Amino acid sequence: MKTYKYILIFTMICTAFLFVECTDADDNGNVLGIVTCDDGIQNGDETGIDCGGALCEPCLGSLDFSGTFIQEDQMGRPGINVIFGTTGMKDAFNTTVPCQMTAAFQSSFQSNLLVLNPLYTTNVLGLDATAFTQLLSKDVLWVAQTGITTYFNGTEILTGRGLSDDVIDTSLLLIFGGPTGTDNPILTSDFVPSNDASFSNSFPYVVGPFTN
Amino acid sequence: MKKRKIFATIGGLGLVVLSILLISADHIDAPSISGTSTDIADFYAFQGEDPNNMVFVIDVQGLLAPGQPTDQAIFDENVLLEINIDNDNDMIEDRVIQIIKRKDPTSLEDNMYFFGPVVLTSSSNTCSEQNLLSTINAENLSGSVKISTSSDIQTSSSNGMQFFAGPREDPFFFDFTQYSQILGGSETGFNNPGTDTFAGTNVLSVVVEVPKSSLGSGVVGANPFAPTVPVYNVWVEAKRKQ
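Computed from a predicted model, the values in this text were never measured in an experiment.

(A) The overall build of chain A, seen in detail. If you tally the helices and strands in chain A, you get six helices and two strands. When the helices and strands of chain A are placed in sequence order, the string is α-β-α-α-α-α-β-α. The long-range fraction of contacts in chain A, counting pairs at least 24 apart against all pairs at least 6 apart in sequence, stands at 37%.

What follows is the structure, given as structure tokens:
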């Protein structure tokens, strides 16, 4: 009988420990061993049940993402609407889907190109005024899936846009430089070859703001 | 006649000065959005430090002076930023990354929330003005990051992606002053050296780095100057809540 009593007490103690383990009440994630984002409890560095922290999805709580959003601006390549958009058509350009842009804007872009450079024939890419403005009026930025991504680095052409790319000089060269890039030498570079701060090679790449 | 010319000159100078204050690679590109919170200043797309990743940078609200103007600049909760990725060269987006600011209900901190890259269904893959309208499906949430300040720098990562939002040094550089004077006819060419109109100024940046695998495969032949390289067509849109 006494032995039975000890067994009963021992069993109760063990059961109590089991219960404690199962609730993970200490919330250190050290009893069950593995913290997961679907274990139904707030553990690890989670800021809610199975959300927040470094590993889980953010806690959405009562966040409201409802509603319809209507387009007001868009941009692919640098300076396209600024340079080639026609007064009265710039807002329309920003609210036209890219698949309809060439039909809507190529001819006005070509007119503007010839206003900027009345002597335009072709540029160093071999594009005449029509071909050049067909390319530009589809305002998307090409970015290469593999390899070097740059607007122009002397070798690669329009394979992306890096932070340090001198997109203005590239644009000026293509608009004013003529077929060999040597026409209008005082118009083919703004002689600002780089940014006034260095970029980082690591995320987020752009660097901290100037402070007073 | 002389008086009129002087007035015209003054008017022209005013326009140039206004433009200098507000322009960037896309900034103040059109009258109805100039200087508003939907006005995109710049957009960059490049391979990440990890060559398996692609980086997108969106700048809004350019030419912020250091100090108070930078510290008081805020992202607009009513503006949805979208990075569109066309991977078959039909000029219609096949993937989209959606970005919007909300206040975290627990911490009450301002966060930027990132959705996607969402794979768009074939039914939306038609050339339609419907693509000017967007909604957010919260199930596509990929991550969020607390919005940084000048002194409190925050980045985060989840689902193989990295996130940042906050004030940064404006990466754009251009002698826009001289360019405006050339266009206005008062100058005939650039100076050597030129003067960077954007020197010493800040901007609000959003940076997101994603695995290239999440964008699908690019298409060969889209870029005639790199004909063997698979390419994505990418662009950014700013959409206002109705």
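Further notes follow.
(B) View of the overall build of chain B. For chain B, the helix and strand inventory stands at three helices and twelve strands. The buried share of chain B, taken over its 242 residues, is 55%. Counted over contacts in chain B with a minimum sequence separation of 6, partners at least 24 positions apart contribute 59%. Carbon and sulfur atoms make up 54% of the accessible area of chain B, which amounts to about 9900 Å² in all.

(C) View of the interface of chain B and chain A. Listed by partner, the interface residues are 114 residues for chain B and 88 residues for chain A. Of the roughly 8300 Å² buried where chain B meets chain A, counting both sides, 63% is carbon and sulfur surface. The tally of links between chain B and chain A comes to two salt bridges. At the boundary of chain B and chain A, one finds 36 residue pairs in polar contact (both at pLDDT 80 or more). Top contributing element to the side of chain B that touches chain A by residue count: strand 12 (residues 230–241) of chain B, with twelve residues. Looking at the side of chain B that touches chain A, its residues break down into 56 nonpolar, 37 polar and 21 charged. Where strand 2 (residues 141–144) of chain A and strand 12 of chain B come together, four bridges link them in antiparallel fashion. Bridged to W142 of chain A within strand 12 of chain B is N233 of chain B.

(D) Summary view of the sheet that holds strand 1 (residues 40–47) of chain B. Residues and elements named next belong to chain B. Across the sheet, which stays open at both edges, the five strands sit in the order 1-2-10-9-8 with antiparallel pairing between neighbours. Taken across any chain shown, the strands that pair with only one partner, and hence form the sheet edges, are strand 1 and strand 8 (156–158). The average undirected angle you get between the axes of adjacent strands in this sheet is 15 degrees. Note that strand 2 (residues 53–64) and strand 10 (residues 202–211) share nine bridges and pair antiparallel. Looking at strand 10, one finds that N53 is bridged to P211.

(E) Spotlight on the pattern of salt bridges. Across all of its chains, the model carries ten salt bridges over all chains by this definition. We note a salt bridge from D42 of chain B to R161 of chain A, for which the minimum N-O separation is 2.6 Å. With D42 of chain B in strand 1 and R161 of chain A in the loop between strand 2 and helix 6 (167–176), this pair bridges two chains. The burial state of D42 of chain B is the same as that of R161 of chain A; both residues are buried. Here E82 of chain B and K239 of chain B are joined by a salt bridge, their closest N and O atoms 2.9 Å apart. Of this pair, E82 of chain B sits in strand 3 (residues 79–86) while K239 of chain B sits in strand 12, and the two are 157 residues apart along the sequence. By sharing partners, the salt bridges in this structure join E72 of chain A together with D76 and R240 of chain B into a single network.

(F) Fine view of the environment of I186 of chain A. Inspection of the secondary structure assignment puts I186 of chain A in the segment after helix 6. Along the sequence, I186 of chain A and F176 of chain A sit ten residues apart, while their C-alpha atoms lie 9.4 Å from each other.

What counts, and where the lines are drawn
- Residues numbered from 1 in each chain as written.
- Chains lettered and ligands numbered in written order.
- Predicted model: local features only at pLDDT ≥ 70, side-chain atom pairs only at ≥ 80, totals over all residues.
- Heavy atoms only, no water.
- Helix = DSSP H or I, 4+ residues; strand = E, 2+ residues; numbered from the N terminus.
- Contact = heavy atoms within 4.5 Å.
- Buried < 20%, exposed > 50% of the residue type's maximum accessible area, 1.4 Å probe, protein only.
- Areas by Shrake-Rupley, 256 points an atom, 1.4 Å probe, with all protein chains shown as cover.
- Buried area = accessible area lost by both parts, 1.4 Å probe.
- Salt bridge = Lys/Arg side-chain N within 4 Å of Asp/Glu carboxyl O.
- Polar contact = N/O pair within 3.5 Å; in protein donor to acceptor, adjacent residues only side chain to side chain.
- Nonpolar A, V, L, I, M, F, W, Y, C, P; charged D, E, K, R; others polar.
- Pairing = 2+ DSSP bridges.
- Axes fitted to C-alpha atoms, helices over the stretch in contact; angles between N-to-C directions.

All we've got here are geometric facts, nothing functional implied.
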